[in-house]
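# Coordinates in review
In case you want the letters, here they are:
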Amino acid sequence: MVEQSFEVEGVKATLRATEPPASTTDAWARVPVVYLHVFEGDGADVWQRLREGGEQPIALVAIAPKSWDNDLTPWPSPPVFRGGRPYEGAAAAQLDLLEREIMPQAEALLAQHGMVPSFSALAGYSLAGLFAAWAATQSSAFERVASVSGSLWYPDFVKYVAGNRPKPAVQRAYFSLGDAEPHTRNRAMRSVLEDTRQVAGRFEQAGVVTRFELNSGNHFVDEDLRTARGIRWLLDDGTNAAPAD
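A brief look at the structure comes next. Here the structure is a predicted model, which means the values were calculated and not measured.

## What to know about the nonpolar core
Membership of the largest hydrophobic core comes to 59 residues, with the highest contact counts inside it found for Tyr 35, Leu 98, Ile 102 and Phe 157. Considering each element in turn, this core owes the most residues, nine residues, to helix α3 (residues 91-112). Excluding residues that lie within four positions of it along the chain, Ile 102 makes contacts with Phe 6, Val 8, Val 11, Ala 13, Tyr 35, Val 61, Ile 63 and Leu 97. Counting residues in hydrophobic clusters, the runner-up holds 21 residues, among them Val 38, Leu 60, Tyr 125 and Ala 228.

Right under this line is the structure:
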């Protein structure tokens, strides 16, 4: 297994990848590369879950943003928690850093081990799931995106997606939510189920192969397992694709 960390402008990224088969006859092994923003840690928990699902070749790049609340939100917004700070909405800068620095460095490291991307995907949980869905409307760098328990309740996001289609490069999109997540005391987040359904529906209407799933539990249950489940769906051959509910 390949495992290597690097830092770009104060942002740490950790690349993990399965080694190419020793018997390969190609000069380069093609592997899907999944970029995953993480709240804490280096993505080891999600990587372990992915490996439990089989030996399918994959590269996972876990990215720890400098500010979770600010770097993954698409525009400024007041806080939704009592005593919280406003969201600064610096996602555009984070996306630029991802495309300009992080992705090229990750691909260079893969090349050192004889690997090139077969496609690039973007995945995330919570605010990182919001970032993934938003980035799909902004960037052509990703063919597949996963918004796992995504914060699609974010103010004006449903309205934004209604007027901003995913880029034509986006082929598949995965959305999921815990079935208890709408039953929150936080008024701003109670609409998350309907918001997620609407966003998934917009992706489907745009011709993206889209799947929406409900998991058991609230927002803080099985984060690594749910994330790995979404990534695995992105990696399959599309035979399990289903319309958004």
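## A word on the environment of Ser 118
If you trace the backbone, Ser 118 turns up in strand β5 (residues 115-125). Placed 89 residues apart in sequence, Ser 118 and Ala 29 show a C-alpha to C-alpha distance of 8.8 Å. Ignoring any residue separated from it by four or fewer positions in sequence, one finds Ser 118 in contact with Arg 30, Val 31, Pro 32 and Glu 143.

## Topic: the pattern of salt bridges
A complete count under the given rule lists ten salt bridges for this structure. Of the charged contacts, one joins Glu 101 and Arg 100 as a salt bridge, the two residues approaching to 3.3 Å between their closest N and O atoms. Looking at Arg 100, the relative accessible area reads 39%, which means it is partly exposed. As a salt-bridge pair, Glu 213 and Arg 229 come within 2.7 Å of each other at their nearest N and O atoms. Of this pair, Glu 213 sits in strand β8 (residues 209-215) while Arg 229 sits in helix α7 (residues 223-235), and the two are 16 residues apart along the sequence. Owing to a relative accessible area of 42%, Arg 229 belongs among the partly exposed residues under this scheme. Counted as one network, the salt bridges with shared partners bring together Glu 9, Asp 96, Arg 100 and Glu 101.

## Considerations on helix α1 (residues 44-52)
Of the positions making up α1, those classed as buried are Val 46, Trp 47, Leu 50 and Arg 51. Buried positions in α1, seen along its axis, are confined to an arc of 140° and lie on one side of it. Gly 54 lies just past α1 and shows a positive phi near 130°.

## With respect to unusual backbone geometry
As a rule of thumb, non-glycine residues mostly have phi less than zero, and peptide bonds are mostly trans rather than cis. The phi torsion at Glu 9 lies on the positive side, around 50°, for a residue other than glycine. Looking at the element boundaries, Glu 9 is found in the loop between β1 (2-8) and β2 (11-17). Non-glycine residue Asp 156 carries a positive phi angle of around 70°. Considering the arrangement of structural elements, one finds Asp 156 in the loop between β6 (144-148) and α5 (157-163).

## Some thoughts on the sheet that holds strand β3 (residues 29-37)
Pairing in this open sheet of eight strands is mixed, and the strands run β1-β2-β4-β3-β5-β6-β7-β8 from one edge to the other. Edge strands, defined here as strands with exactly one partner in the open sheet, are β1 and β8. The mean inter-strand angle of the sheet, taken between neighbouring strand axes irrespective of direction, is 15°. In this structure, β6 lies alongside strand β7 (residues 172-178), joined through five bridges in parallel fashion. Counted as the bridge partner of Ala 146 is Tyr 174 from β7. Lying on the sheet, α7 is in contact with β3, β4 (59-64), β5, β6, β7 and β8; it crosses β7 at an angle near 155°.

## A short note on the side chain of Thr 227
Turning to its location among the elements, Thr 227 is positioned in helix α7. On the accessibility criterion, Thr 227 (3% relative accessible area) is buried. A distance of 2.7 Å separates a polar side-chain atom of Thr 227 from the backbone oxygen of Glu 223.

## Quick look at the side chain of Thr 14
Among the secondary structure elements, Thr 14 is positioned in strand β2. Looking at Thr 14, its side chain comes within polar contact range of the side chain of Ser 5, at 3.1 Å. Apart from the residues within four sequence positions on either side, Thr 14 is in contact with Gln 4, Ser 5, Asp 42, Leu 60, Val 61 and Ala 62.

Rules and cut-offs
- Residues numbered from 1 in each chain as written.
- Predicted model: local features only at pLDDT ≥ 70, side-chain atom pairs only at ≥ 80, totals over all residues.
- Heavy atoms only, no water.
- Core = buried A, V, L, I, M, F, W, Y, C linked by side-chain atoms within 4.5 Å.
- Buried < 20%, exposed > 50% of the residue type's maximum accessible area, 1.4 Å probe, protein only.
- Helix = DSSP H or I, 4+ residues; strand = E, 2+ residues; numbered from the N terminus.
- Contact = heavy atoms within 4.5 Å.
- Salt bridge = Lys/Arg side-chain N within 4 Å of Asp/Glu carboxyl O.
- Arc of directions from axis to C-beta.
- Pairing = 2+ DSSP bridges.
- Axes fitted to C-alpha atoms, helices over the stretch in contact; angles between N-to-C directions.
- Polar contact = N/O pair within 3.5 Å; in protein donor to acceptor, adjacent residues only side chain to side chain.

The analysis is restricted to geometry; functional conclusions fall outside its scope.
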